[in-house]
Amino acid sequence: MEPKLVLTGFMGTGKSRVGQLAAARLGWPFIDSDAEITARTGKPIHDIFADHGETYFRQLERAVIAELAMRMQPLVIAAGGGALTDEANFRALENAGILVCLSARPKIIAERVAKSSDPRPKLLEGGKPLDERITELLSERAASYGRVSITIDTSDITLEQAAERVITAFSARRERRCEPSA
Ligand code: S3P
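Everything numeric in this text was worked out from a predicted model, so none of it was measured. (Residues numbered from 1 in each chain as written. Predicted model: local features only at pLDDT ≥ 70, side-chain atom pairs only at ≥ 80, totals over all residues. Heavy atoms only, no water.)

Topic: the site of the ligand
Argument step 1. Taken together, the neighbourhood of the ligand is formed by 13 residues, with Lys15, Asp34, Arg58, Arg120 and Arg141 sitting nearest.
Argument step 2. Starting from 390 Å² of accessible surface for the ligand in isolation, the protein chains cover 95%.
Argument step 3. In this structure, the ligand is accommodated by the largest pocket.
Argument step 4. Mapped onto the shell around the ligand, the elements with two or more residues apiece are α4 (54-70) and α7 (121-124).
Argument step 5. For the shell around the ligand, the per-class residue count stands at four nonpolar, three polar and six charged. (Near = heavy atom within 4 Å. Areas by Shrake-Rupley, 256 points an atom, 1.4 Å probe, with all protein chains shown as cover. 1 Å grid on protein atoms, 1.4 Å probe; cavity = no way out; pocket = protein on both sides within 12 Å on 5 of 7 lines; lining within 4 Å. Sits in = over half its atoms within 2 Å of the grid points. Helix = DSSP H or I, 4+ residues; strand = E, 2+ residues; numbered from the N terminus. Nonpolar A, V, L, I, M, F, W, Y, C, P; charged D, E, K, R; others polar.)

As for the packing of α4 against helix α5 (residues 87-96)
Argument step 1. Following both chains from N to C, one finds α4 and α5 inclined at 15 degrees, their axes separated by 9 Å at the closest point. One way to sum up the angle between α4 and α5 is to call them roughly parallel. For the pair α4 and α5, the crossing hand works out as left-handed. The segment α4 lies against α5, with Glu61, Arg62, Ile65 and Ala69 engaging Ala88, Asn89, Ala92, Leu93 and Ala96.
Argument step 2. Considered class by class, the residues forming the contact of α4 with α5 number six nonpolar, one polar and two charged. (Axes fitted to C-alpha atoms, helices over the stretch in contact; angles between N-to-C directions. Parallel < 35°, antiparallel > 145°, perpendicular 65-115°, else oblique. Left-handed = near helix turned anticlockwise from the far one by under 90°. Contact = heavy atoms within 4.5 Å.)

Quick word on the pattern of salt bridges
Argument step 1. The full count for this structure, using the stated rule, is 18 salt bridges.
Argument step 2. Between arginine 174 and glutamate 2 there is a salt bridge, and its shortest N-O distance comes to 2.7 Å. Of this pair, arginine 174 sits in helix α9 (residues 159-178) while glutamate 2 sits in the segment before β1 (4-9), placing them 172 residues apart in sequence.
Argument step 3. Given the relative accessible area of 33%, glutamate 2 is considered partly exposed.
Argument step 4. Taking the shortest distance from any N to any O, the salt bridge between glutamate 61 and arginine 58 comes out at 2.9 Å. Taken as a pair, glutamate 61 and arginine 58 lie in helix α4 at a separation of three residues, close to a single helical turn.
Argument step 5. In this structure arginine 58 comes out as buried when scored by relative accessible area, which is 16%.
Argument step 6. Through salt bridges with shared partners, a single network forms among Glu54, Arg58, Glu61, Lys122, Glu125, Lys128, Arg133 and Glu136. (Salt bridge = Lys/Arg side-chain N within 4 Å of Asp/Glu carboxyl O. Buried < 20%, exposed > 50% of the residue type's maximum accessible area, 1.4 Å probe, protein only.)

Focus: the packing of helix α1 (residues 15-26) against α9
Argument step 1. Running from N to C, α1 and α9 cross one another at 60 degrees; their axes reach a closest spacing of 9 Å. Compared by their axis directions, α1 and α9 come out oblique. Crossing hand, α1 versus α9: right-handed. Side by side, α1 and α9 meet where Arg17, Val18, Leu21, Ala22, Arg25 and Leu26 of the first sit next to Leu159, Glu160, Ala162, Ala163, Glu164, Val166, Ile167, Phe170 and Arg174 of the second.
Argument step 2. Its residues assigned to classes, the contact of α1 with α9 comprises ten nonpolar, no polar and five charged.

Some remarks on the packing of aromatic side chains
Geometry of an aromatic ring pair is reported as the spacing of the ring centres plus the angle between the planes.
Argument step 1. According to the stated counting rule, one finds three aromatic pairs in the structure shown.
Argument step 2. Relative to tyrosine 145, the ring of phenylalanine 10 lies with its centre 6.4 Å away and its plane at 85 degrees, an arrangement referred to as edge-to-face. Taken together, the residues phenylalanine 10 in the loop between β1 and α1 and tyrosine 145 in helix α8 (residues 130-146) connect sequence positions 135 residues apart.
Argument step 3. For phenylalanine 10, a relative accessible area of 2% gives the class buried.
Argument step 4. Here the aromatic rings of tryptophan 28 and phenylalanine 170 are separated by 5.7 Å at their centres, their planes lie at 90 degrees, and the arrangement is edge-to-face. Of the two residues, tryptophan 28 sits in the loop between α1 and β2 (30-32) while phenylalanine 170 sits in helix α9, which places them 142 residues apart along the sequence. This pair shows no difference in class: tryptophan 28 is buried, exactly as phenylalanine 170 is. (Phe/Tyr/Trp six-rings, centres within 6.5 Å; stacked < 30°, edge-to-face > 60°.)

Here it is in structure tokens:
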């Protein structure tokens, strides 16, 4: 079974768009966990947070990730920015394939999410200035993202360049996984 390519990392690091490009290059399907949750519930993520709260959203996220991780097909998965903080998600995704964490400088993340039409409820918590909230949440999550051994900083590169780097890192790791052990 081919290891899946799993993109993780903070909001605004490019997981969905880089994931789509990488999937097209590999000729594999692409699934974004948030898009899957929205398709199943008929609600955008920010409405799920507003109507049912974060705990409910995290339950849906865990169920979707467990199911995607078990699929018997080659797949590129983009996991929502908070998914990896959950141990069950981390284990399921790590067993399913090769994790690649996308990162970006807080200022770049702030610019990207400010431009996005997709409201991020976790960044609105506490009513803090965006830069401050991003830095705070990044530091809370540093240990979770730090568990992923491949990190690609997308701050100063194009989406295509990021996809290229993701594929290169993924392919090198995949080859190593397939080498017979001595
Ligand atoms: C979240 C990130 C979002 C989405 C939800 C929570 C987070 O996904 O899952 O708003 O906790 O970081 P993206 O990383 O795709 O924006």
